[in-house]
Amino acid sequence: MARLTRIVTRTGDKGQTSLADGSRVDKDSLRIQALGDLDELNAALGLLAVELDDPPMKRQITDIQHRLFDLGGELALPGSTVISENQVLFLEQYLDAINEKLPPLREFVLPGSTRATAQAHMARAICRRAERSLWRLSRGETVNCESLKYLNRLSDLLFVLARHLARQASDKETTWNRKT
């Protein structure tokens, strides 16, 4: 695997960048857009992790960050597959374990309550964007279907995690006050 020894290469100054296979693509291509959204999601998860006081939960977030780098690797090397059904199942199981302790949701949840809750909602929204970007890419190029599922489950997990964090902090969630 190549290691970055020089950060400034000037090779992208004309609007293109290199993929892991050496091919050049436009910086505004759907593939690079999806990679950028994954990068932003990973950064948002890093912010969430520093807000968490729960070491096991923090380790889970860090593991997810590693899987997002794996997913980015898939995109950087067209035709490669790293994300598997097992990783999707792991997210589902983790989501179910958190969700079973929550009361049924009766109204839309307002993002907020605590910094950690707000950060989980921010990461969820970015995850949804990354998922949309990957779906757009899949319309014209081959994309690992497990990677698409992974982002879908991850956004669900982040929603449930935000609910869990809100209730942990105040035993209630702020919900939409519908004007009728």
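Now for a quick tour of the structure. (Residues numbered from 1 in each chain as written. Predicted model: local features only at pLDDT ≥ 70, side-chain atom pairs only at ≥ 80, totals over all residues. Heavy atoms only, no water.)

Bringing the overall build of the protein chain into the picture now. When you go through the protein chain residue by residue, the secondary structure sums to five helices and two strands. Going residue by residue from the N terminus, the α and β elements of the protein chain occur as β-β-α-α-α-α-α. In the protein chain, which comprises 180 residues, the share counted as buried stands at 39%. Long-range contacts, defined here as pairs at least 24 residues apart, represent 71% of the contacts in the protein chain between residues at least 6 apart. Working note: accessible area of the protein chain is about 10,800 Å², and carbon and sulfur atoms make up 52% of it. (Helix = DSSP H or I, 4+ residues; strand = E, 2+ residues; numbered from the N terminus. Buried < 20%, exposed > 50% of the residue type's maximum accessible area, 1.4 Å probe, protein only. Contact = heavy atoms within 4.5 Å. Areas by Shrake-Rupley, 256 points an atom, 1.4 Å probe, with all protein chains shown as cover.)

It is worth spelling out the packing of helix α1 (residues 30–51) against helix α5 (residues 145–170) at this point. In contact at an axis separation of 14 Å, α1 and α5 are set at 25 degrees when each is read in the N-to-C sense. As judged from the angle between their axes, α1 and α5 are roughly parallel. In this structure, α1 crosses over α5, and the sense of that crossing is left-handed. Across from Leu 38, Leu 41, Leu 45 and Leu 48 in α1, the residues of α5 making contact are Leu 151, Leu 154, Leu 158, Leu 161 and Leu 165. (Axes fitted to C-alpha atoms, helices over the stretch in contact; angles between N-to-C directions. Parallel < 35°, antiparallel > 145°, perpendicular 65-115°, else oblique. Left-handed = near helix turned anticlockwise from the far one by under 90°.)

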